[in-house]
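Examining the three-dimensional arrangement
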Amino acid sequence: MNGVSVSFDGFKAINNLSLYVKKNELRSIIGPNGAGKTTMMDIITGKTRPDEGRVIYDDMVDLISMSEAEIANLGIGRKFQKPTVFEHHSVYENLKLALEGRRKVFENLFFKLTSEDDDKIQEVLNTIALQEHYKRDAGELSHGQKQWLEIGMLLMQNPKLLLVDEPVAGMTKQESEHTAELLTSLAEKHSVVVVEHDMEFVRSLANRVTVLHQGSVLAEGDMDSVQNNQKVIEVYLGE
Amino acid sequence: MMKYKPLIFRLLENDKGGKYFIAILLLLMIVVPTCNLLIPESSVFYISTYVVTLLGKYLTYALLAISLDLVWGYLGILSLGHGAFFGLGGYAMGMYLMRQIGDRGVYGNPILPDFMVFLDYKELPWFWHGFDQFWLAMLMVFIVPGLLAFVFGWLAFRSRVTGVYLSIITQALTYALMLAFFRNDLGFGGNNGLTDFKEILGFDLQSDYTRNALFVCSAIAVALGYFICRFIVDSRLGSLITAIRDSEGRVRALGYRDEYIKLFVFVVSAMLAGVAGALYVPQVGIINPGEFSPINSIEMVIWVAMGGRGTLYGAALGAIVVNFAKTYFTAAAPEVWLFMLGGLFVVVTLFLPHGIIGAIKKISAMKSKKTKASVEAQKLNISN
Ligand SMILES: Nc1ncnc2c1ncn2[C@@H]1O[C@H](COP(=O)(O)OP(=O)(O)O)[C@@H](O)[C@H]1O
Ligand SMILES: [Mg+2]
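Residues numbered from 1 in each chain as written. Chains lettered and ligands numbered in written order. Predicted model: local features only at pLDDT ≥ 70, side-chain atom pairs only at ≥ 80, totals over all residues. Heavy atoms only, no water.

Considering helix H9 (residues 236–246) of chain B
Most of H9 of chain B sits inside the fold, with nine of its eleven residues counted as buried. The set of residues buried in H9 of chain B consists of Arg 236, Leu 237, Gly 238, Ser 239, Leu 240, Ile 241, Thr 242, Ala 243 and Ile 244 of chain B. (Buried < 20%, exposed > 50% of the residue type's maximum accessible area, 1.4 Å probe, protein only. Helix = DSSP H or I, 4+ residues; strand = E, 2+ residues; numbered from the N terminus.)

Now the structure itself:
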């Protein structure tokens, strides 16, 4: 992202933001409430159009003019801040809808589940520890399980870049440890951007951290250097 | 080796309500014509031609309700304008029936329908050409409502109009059509509409045989419409359709073009509604702009709510129950019908959120629980 700005009714939610994420990098974004973290993800995924700036993916693809679906199909998957799964569909069905490819209307009307598809779903069910719950409606899952299911849906899409907004909100300590492991292992094959409030969680990811404040980057570096940064301390303690 | 099963059986496999529904339709297809044509009038089992036609009309409403349930119950779009598609299908059929009259009209003009002679038309308007051909008229029954739904949906879904706003513009759509069709210069007979039909495919519309044939055709159309919708909602597309209803943003983030899916469902639904209208017209013998009136479209919503949306057969049941009540009350006490309809709507929204079908399912679930409980209790007694 380069020099991106967006305002809502005159309020600059994102202000000349520039951010670069490398391939297979795991990046954490922290920042106080209202810093613009979610809005940043909205811009990357095409949900919100920026007023200025460029968003480049894979060195050359300009995302600004693309639709949400097109961007998703480029390989950018997103977990929303509020866990967003299909509550009236079973866990299995949720994953089935997320299967890579076959996005056209008629492909879905005449869709047939192949055994590879099923294998893939089983594999992801394993990864997100929901094997036993595959028949249940997603709406019946605990908050943490829904977060995992949503991450599982991202995995089904086989994306190159995962944008994960507050994955451990509402999770027990144990669950969030599992999530940290999961995200770290994902970063071996994917680029992952994680937005999180939970400092302990971010520390456990042990990676590069970007601090966002009032819509632009305040500091960037490893967790220790960021935490000792004078500006960051001011922002966090000043609030 | 997988055992091959015809599609229809596969569709009904896990669809208990659907099995009953199709069985009832089949039964009606046999019983009604038999009781009308083969049983003497003196018998208690005799069904009059009037009733055959009335039931046929209910069936066209049932198809209309199924088409509405597809967009409302599954896709989550509350269309308050489905009367528009029904009416257009009806007009397409009406135009064919008008051209069939030929020179047997009051004015005896072999080409121009009576109302055109009366309004001093010199020649047939361009859009009436070809409607003397049954196949073309039938094509139009699909194309005209489908095209309107396509254009409307294209504009609405692409600009992300949803919820109440979308409902209001669907209502505006049918209202606009009503106003347009009321005009004499539009070329569809103004407020009198199209009527005085004589024949369909050369068969006398007044004959008992034709009436029964139309009834059977309506029943077949309902069954086919049901299977088409069931096929759609059982597919992965159907899963996506309810996913859009529940969480549109997630569907988009998965890379689906939700607007295309909505458009597909809306167009299919409009075409089914058009077919319902086309079957309705020869049975009631008239189509006029009143079919486009907003209240009609609202009534359709009540049918679906009453029967229970999101089941397809529930919508059909609702259409039949409400219209049965309507026929009865508009004859017995015409002035109370509208109040009853309003009351019905309130009762359904407050006490039957899932309609009649929902209530039946609940009761049978309670019963099976009870029997389970009593079996358990007996076991306890024995062990004691
Ligand atoms: N659609 C919107 N309309 C108006 N204001 C918005 C909208 N989206 C976000 N904002 C504002 O932009 C700011 C940044 O929000 P957000 O990106 O959600 O912050 P964060 O995720 O960092 O907590 C907030 O002040 C929020 O109120
Ligand atoms: Mg946020």
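Details of the sheet that holds strand E2 (residues 11–17) of chain A
Residues and elements named next belong to chain A. In spatial order, the strands read E2-E1-E4; together these three strands make up an open sheet with antiparallel pairing. Looking along the sheet, the strands with just one partner apiece sit at the ends: E2 and strand E4 (52–54). Direction aside, the axes of adjacent strands within the sheet are offset by 20° on average. Here four bridges tie strand E1 (residues 2–8) to E2, and the two strands are oriented antiparallel to one another. Residue Val 4 lies in a different strand from E2, and its bridge partner there is Leu 17. (Pairing = 2+ DSSP bridges. Axes fitted to C-alpha atoms, helices over the stretch in contact; angles between N-to-C directions.)

Concerning the sheet that holds strand E11 (residues 216–222) of chain A
Residue and element names in this part refer to chain A. The six strands lie next to each other as E7-E8-E9-E3-E10-E11, forming an open sheet whose pairing is mixed. For this open sheet the edge positions go to strand E7 (76–79) and E11, each flanked by a neighbour on one side alone. If you compare each strand with its neighbour and ignore which way they point, the axes differ by 20° on average. Across the face of the sheet, helix H1 (residues 37–44) comes into contact with strand E3 (26–30), E7, strand E8 (161–165), strand E9 (191–195) and strand E10 (208–213) while running at roughly 150° to E8. Contacting E3, E8 and E9, helix H7 (residues 173–186) runs over the sheet at an angle of about 150° to E9. (Contact = heavy atoms within 4.5 Å.)

A look at the site of ligand 1
All names here are of chain A. Taken together, the residues surrounding ligand 1 are Phe 8, Phe 11, Ala 13, Asn 33, Gly 34, Ala 35, Gly 36, Lys 37, Thr 38 and Thr 39. At a separation of 3.2 Å, an oxygen atom of ligand 1 approaches a polar backbone atom of Ala 35. A distance of 2.8 Å separates an oxygen atom of ligand 1 from a polar backbone atom of Lys 37. Only E2 and H1 provide two or more residues apiece to the shell around ligand 1. In terms of residue count, the dominant contributor to the shell around ligand 1 is H1 (three residues). Looking at the shell around ligand 1 residue by residue, the classes come out as four nonpolar, five polar and one charged. (Near = heavy atom within 4 Å. Polar contact = N/O pair within 3.5 Å; in protein donor to acceptor, adjacent residues only side chain to side chain. Nonpolar A, V, L, I, M, F, W, Y, C, P; charged D, E, K, R; others polar.)

So, to be careful, I would describe these as geometric facts and stop short of saying anything about function.
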